[in-house]
Amino acid sequence: MGESFEGIIGRRSREDLLEHESRSGSDNMDGASGDDLDAADNPPRKKRYHRHTPQQIQELESLFKECPHPDEKQRLELSKRLCLETRQVKFWFQNRRTQMKTQLERHENSLLRQENDKLRAENMSIRDAMRNPICTNCGGPAIIGDISLEEQHLRIENARLKDELDRVCALAGKFLGRPVSSMGPPPMPNSSLELGVGTINGFGGLSSTVTTTLPADFGTGISNALPVVMPPNRSGPGVTGLDRSIERSMFLELALAAMDELVKMAQTDEPLWIRSFEGSGRQVLNHEEYLRTFTPCIGLKPNGFVTEASRETGMVIINSLALVETLMDPNRWAEMFPCMIARTATTDVISSGMGGTRNGALQLMHAELQVLSPLVPVREVNFLRFCKQHAEGVWAVVDVSIDTIRETSGAPAFVNCRRLPSGCVVQDMPNGYSKVTWVEHAEYDESQVHQLYKPLIISGMGFGAQRWVATLQRQCECLAILMSTSVSARDHTAITAGGRRSMLKLAQRMTDNFCAGVCASTVHKWNKLNAGNVDEDVRVMTRKSVDDPGEPPGIVLSAATSVWLPVSPQRLFNFLRDERLRSEWDILSNGGPMQEMAHIAKGQDHGNCVSLLRASAINANQSSMLILQETCTDAAGSLVVYAPVDIPAMHVVMNGGDSAYVALLPSGFAIVPDGPDSRGPLANGPTSGNGSNGGSQRVGGSLLTVAFQILVNSLPTAKLTVESVETVNNLISCTVQKIKAALQCES
């Protein structure tokens, strides 16, 4: 090998010699080349080697910091400037990169060596602890014997939990002003924490000696599972800290029972769920099987209440984590279901989850649920919402009313609806989709629902699982389209991305205000009017609009009614959203067709969109008017909402300006099917006053809600006149008659 090496050295060309001469010493920053060291090892071959000057090294280093890989043009320019050959510059950069890589590897090796030492120290401490196990009974050394590795880990964990419990008891003693023993009654086994629960009024499944085993890691800490004895009745007018602890323990017990019931109802098919008889494929709850399988966790059904139950499964373009976060955040929950949730808020957070996730999150919420009709009362519910992760990519969120607990704690309140364990089980699927199984189970006072809507509500199509899943699919599809960079072929390309966002935000506010005006939720302070000259099924309300830049100031009058029409919901929706047919029912169209000036798609269905319409002027002196319109449709129903808007303000919005200052008052229509099995009035024949009839032949139809919001006076302090109420009432009656005439419906 030595002879070959010498032969190779002897045959080196001038280029190879230049390569070695250009090396400037990667490890010696004084400028010596790497071949200086080679020359020291080879004394017989004495050659002159080039040393770069400090100025050359400084120039090379400065360029290396900016560009470690210079191209041929940069190397040529640098070689001319430094009086070096291009190959010298090339080989210097190669050596410098090698030196940098070596330094980085040394640094990484140092970090890995430190981490290795740390892990070795932890491993040694664990081995020492395992060699000297501690007896959990006496605290002394335990006999090793045949103790398994798993049992040793459990003993170490038990010792840690015992220390944490002692700290919690010390804090509780300071709070209560008396010592709290962690070893006192009731007894606490080493393997789990048991919660002794006394008799609760209305909880038929819990006896005075029932104990429920709870996981020690539930909630934010072990303090959520402290042993508490629950008295059968509360006494005293005040609510103490101990009372609050008892109430939270009851909430925890109720949430766990509700979660267990929801998962079983979502996974079990027949005989718990059976197919409906009308052949629509709708699932119906077998109430007899339900009572045999489950114990009512919120007590027996109140007198006069009826039960509705539904289950629906669908694929949604959203992952499980995003959907869970949406459901646990009240604002995002309301934005996801704007036509179903009038108002919601979180009143108390009992547990925010574990490990930075929503697993184990438990919170107390209040919500107002609605069907868009003045003939269906808003459902106000106070409920617990509990979230739990059952497996990787599988989550469940359950709601259950707390009215029974509140009555037990001395705060009775009349409710028109009770929410039995309801919610959804979400499972991640490929391509960003999730499989959502939704269960809705409620008891409500049917006497407050109008005869027209009873079939729809009792079937679960009004507040049921089908409506929740259909709305979720439509909203998630809209979000996916808006987040994509591509623009739909149906959209007008003249609108900028900022203009699209502003128009959609304005349309969302318009739809929210429309829904609040139909159902008289507490979003606005409505005053219901009992006018003798108004039809019985027309709800007229009034409110004052003051200091709201999104509304014109003054007295706002809202009127809404619902009617049955013997046409399909799809045909009715297509008629109302078509701008070419608008003159057949809309007095704002000036008797002619409208022109679509802008279009923003919100889904694959052409009916899900936001449009800007322009009405033709009657004469040359009258300026044309713009109308903002949003339409949406899904399997549960359809919506057409519109409002006249100011032309200069819309120009600002379409250019991406703030839409919060655009004043509008919305009007529109809400369309739902009349029931699951064509429960409309007779096709030919008289109808009684309560909406029923004596015949058996029925036709399928639609339930149409018509609602208007009108500014009757620009002064908030003005008095409402009878003429204004009559004008709105006549407007609704005239609009309904025009729609019936256009669709050739019998009056």
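Located above this text is the structure these notes cover.
Residues numbered from 1 in each chain as written. Predicted model: local features only at pLDDT ≥ 70, side-chain atom pairs only at ≥ 80, totals over all residues. Heavy atoms only, no water.

A few words now on the environment of H651. Mapped onto the elements of the fold, H651 is located in helix α17 (residues 647-654). With relative accessibility at 48%, the residue H651 sits in the partly exposed group. Placed 152 residues apart in sequence, H651 and G499 show a C-alpha to C-alpha distance of 9.2 Å. (Helix = DSSP H or I, 4+ residues; strand = E, 2+ residues; numbered from the N terminus. Buried < 20%, exposed > 50% of the residue type's maximum accessible area, 1.4 Å probe, protein only.)

Bringing a nonpolar patch on the surface into the picture now. Taken together, the side chains of M315, I317, M429 and Y433 present a nonpolar region at the surface, about 310 Å² in accessible area. Here M315 shows up in strand β5 (residues 305-316). Residue class for M315 comes out partly exposed when judged on its relative accessible area of 40%. (Patch = residues over 30% accessible without salt bridge, like charges linked within 9 Å, V, L, I, M, F, W, Y side chains within 5 Å. Areas by Shrake-Rupley, 256 points an atom, 1.4 Å probe, with all protein chains shown as cover. Salt bridge = Lys/Arg side-chain N within 4 Å of Asp/Glu carboxyl O.)

As a packed pair, helix α15 (residues 497-519) and α17 sit with axes 7 Å apart at the nearest point and diverge in direction by 125°. The angle between the axes of α15 and α17 places the two elements in the oblique class. Residues G499, S502, M503 and L506 of α15 form the contact with α17, whose participating residues are M650, V653 and M654. Its residues assigned to classes, the contact of α15 with α17 comprises five nonpolar, two polar and no charged. (Axes fitted to C-alpha atoms, helices over the stretch in contact; angles between N-to-C directions. Parallel < 35°, antiparallel > 145°, perpendicular 65-115°, else oblique. Contact = heavy atoms within 4.5 Å. Nonpolar A, V, L, I, M, F, W, Y, C, P; charged D, E, K, R; others polar.)

Now for the pairing of strand β7 (residues 362-369). Taking burial as the measure, the eight residues of β7 include seven buried ones, the bulk of the element. Across eight bridges, β7 lies against strand β8 (residues 379-391) in antiparallel orientation. Its bridge partner lying in β8, L362 is registered against F386. (Pairing = 2+ DSSP bridges.)

This next bit is on the environment of C476. Take C476: it is sitting in helix α14 (residues 465-483). By relative accessible area, which is 3% here, C476 ends up buried. Separated by 160 residues in sequence, C476 and V316 place their C-alpha atoms 6.9 Å apart.

With that settled, the discussion passes to the nonpolar core. The biggest cluster of nonpolar side chains holds 46 residues, and the ones touching the most others in it are W333, F337, W438, Y453 and L472. In terms of residue count, α14 provides more of this core than any other element does, five residues in total. If we skip the residues at most four places from it in the chain, Y453 touches V371, S373, L375, V376, S562, V672, L703 and T705. (Core = buried A, V, L, I, M, F, W, Y, C linked by side-chain atoms within 4.5 Å.)

With that out of the way, let us pick up the side chain of R385. Locating R385 in the fold gives a position in strand β8. A relative accessible area of 2% places R385 in the buried class.

The topology assignment puts H606 in the loop between β16 (594-601) and β17 (609-615). Here H606 falls in the partly exposed class, since its relative accessible area comes to 46%. Sequence separation of H606 and T631 is 25 residues, and the distance between their C-alpha atoms is 9.3 Å.

Okay, the pattern of salt bridges next. Here the structure, examined in full by the defined rule, presents 17 salt bridges. Put simply, E289 and R292 hold a salt bridge, and the shortest N to O gap is 2.7 Å. One end of the pair is E289 and the other is R292, both in helix α9 (residues 287-293) and three residues apart, which spans about a single turn. E289 gets classed as buried once you look at its relative accessible area, which sits at 18%. The class for R292 is exposed, based on a relative accessible area of 59%.

Under the criterion given, the structure shown has eleven aromatic pairs. An angle of 35° between the planes, with centres 6.1 Å apart, marks the rings of F64 and F93 as tilted. Taken together, the residues F64 in helix α4 (residues 54-66) and F93 in helix α6 (residues 86-131) connect sequence positions 29 residues apart. The same class applies to F64 as to F93, namely buried. Aromatic pair W92 and F93: ring centres 5.2 Å apart, planes at 80°, arrangement edge-to-face. You'll find W92 and F93 in the same group, each marked buried. Note that R379 overlies the ring of F463, its terminal NZ or CZ placed 3.9 Å from the centroid. A cation over an aromatic ring shows up here: R419 above the ring of F383, its NZ or CZ 5.9 Å from the ring centre. (Phe/Tyr/Trp six-rings, centres within 6.5 Å; stacked < 30°, edge-to-face > 60°. Lys NZ or Arg CZ within 6 Å of the ring centre and 35° of its normal.)

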